[in-house]
Each structure stands twice: as C-alpha cells, then as structure tokens.
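The primary structure of each chain is shown beneath.
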Amino acid sequence: MSLVVANPQNGQIYDARVVSQGNAGSNSLKNYGLNFNNLNLLQEYGLIISDYHSHISYNICETTNDVTVPLDFQGGKYVFVPNEEKLKKLDTEFKLNGVCFSAAGIELIKIVEIEQTLDYHKALSDFLFNKGYEFTKLD
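Because the structure is a prediction, the values reported are computed rather than measured. (Residues numbered from 1 in each chain as written. Predicted model: local features only at pLDDT ≥ 70, side-chain atom pairs only at ≥ 80, totals over all residues. Heavy atoms only, no water.)

Draft legend 1. Structural context of the nonpolar core. Counting 32 residues, the largest nonpolar core has Val18 and Phe80 as its most contacted members. Broken down by secondary-structure element, the contributors of at least two residues to this core are strand 1 (5-9), strand 2 (12-19), strand 4 (71-73), strand 5 (76-82), strand 6 (95-100), helix 3 (103-109), helix 4 (118-130) and strand 7 (133-137). Apart from the residues within four sequence positions on either side, valine 18 is in contact with Leu3, Val4, Leu29, Leu34, Asn97, Gly98, Val99, Phe101 and Tyr120. (Core = buried A, V, L, I, M, F, W, Y, C linked by side-chain atoms within 4.5 Å. Buried < 20%, exposed > 50% of the residue type's maximum accessible area, 1.4 Å probe, protein only. Helix = DSSP H or I, 4+ residues; strand = E, 2+ residues; numbered from the N terminus. Contact = heavy atoms within 4.5 Å.)

Here is the structure:
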C-alpha cells in the first residue's frame, strides 16, 4: 500500500496502482517486495486485477497553471508538472502502467497505515522525469 499512486475524485478513489517502471509481470517491482509470486498471491486474494501491466491516463493530474486533480502518494498530494521541451522530444501519450488495485484492494488503501518508501519514491520520480514530468508534492 505504501507504493500506491491513487487518483481520488469526488471523495472516491478513481484509480489506484503501483507504477511498475517496467513490466511488473517480469519482476520490475521485486526490489520493493512485489515479485511475480507475491503479485499472483495478491491477485488470488482479489486485491489486484490480473493484468499486471494495465494502464490509464493520468493527464487529469497534470498541472499547467492550475492544478486540476492532485493524486495521493505516501500520505501527500502530488501533481505531474510537465517539462514542455522534453515532452516535445518524446511525443508520447502520458499514461501510468502498473499493478492496478481491485475494488477490494482500494477499500484496504483507506485503512492501512502508509510507510515512507524513499527508494521507491526516488525511482518513481526518476521514471516520471524520464517521461517528461516532475513529480511534485503540493504544500
């Protein structure tokens, strides 16, 4: 749960996932305790969906002049600040791939205590930077 990026809207969590920074089904999250066997177990318990590399657009959490919808990560509110020069060179759609939580998993997010995972936070920030975005915490 400490690795989850969640998109809350109107008091509900619209999407919650662990961004894989590769393919989670190929063990890209093993350094954070989510190897393929652990993912299979979470899926068997109904806490995540079976597609470990699903994706969704997070453009709604992008900021230009005004923040539209911040996302939740490790107890804070974050947005994606686009680097326009870098984005021009990349010319790709912004989406987050990873392990998506099921409705039951999303309910657990609301009650589980979140621990700071600095190594994952740094890896996620670096990953997003390479996609053309600064992962910025709101005050």
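Right, picking up where we left off after that structure.
Draft legend 2. Fine view of the layout of surface pockets. Roughly 190 Å³ of volume is contained in the largest pocket. Surrounding the largest pocket, Met1, Ser2, Leu3, Val4, Val18, Tyr32, Leu34, Leu42, Leu47, Phe101, Thr117 and Asp119 form its lining. Across the lining of the largest pocket, the residue classes break down as nine nonpolar, two polar and one charged. Taken as a whole, the second largest pocket encloses approximately 160 Å³ of empty space. Of the residues that constitute the lining of the second largest pocket, the class distribution is seven nonpolar, two polar and two charged. (1 Å grid on protein atoms, 1.4 Å probe; cavity = no way out; pocket = protein on both sides within 12 Å on 5 of 7 lines; lining within 4 Å. Points joined across faces, edges and corners; volume = space filled by probe spheres on them. Nonpolar A, V, L, I, M, F, W, Y, C, P; charged D, E, K, R; others polar.)

Draft legend 3. Looking closely at the sheet that holds strand 7. Taken together, seven strands build an open sheet; the order of strands is 3-6-2-1-4-5-7 and the sheet is antiparallel. Edge strands, defined here as strands with exactly one partner in the open sheet, are strand 3 (54-57) and strand 7. Strand-to-strand twist across the sheet, computed as the mean angle between neighbouring axes with direction ignored, equals 45 degrees. Judged from the three bridges that link them, strand 2 and strand 6 form a sheet pairing that is antiparallel. (Pairing = 2+ DSSP bridges. Axes fitted to C-alpha atoms, helices over the stretch in contact; angles between N-to-C directions.)

Draft legend 4. Quick peek at the side chain of aspartate 15. Within the secondary structure, aspartate 15 is located in strand 2. At 2.8 Å, the side chain of aspartate 15 and the side chain of arginine 17 are in polar contact. Each residue touching aspartate 15, except ones within four places of it in the same chain, is listed here: Val5, Ala6, Asn7, Ile56, Tyr58 and Cys100. (Polar contact = N/O pair within 3.5 Å; in protein donor to acceptor, adjacent residues only side chain to side chain.)

Draft legend 5. Inspection of the pairing of strand 5 at higher detail. Burial analysis of strand 5 places five of its seven residues in the buried class, the great majority of the element. Across three bridges, strand 4 lies against strand 5 in antiparallel orientation. Note that in strand 5 the partner of phenylalanine 73 across the bridge is glycine 76. Where strand 4 folds back onto strand 5 in an antiparallel hairpin, the turn is made up of two residues, including glutamine 74, whose phi is positive at roughly 45 degrees. Pairing geometry for strand 5 and strand 7, over five bridges, is antiparallel. For tyrosine 78, the partnering residue across the bridge sits in strand 7 and is lysine 137.

In short, shape yes, function no, at least from these values alone.
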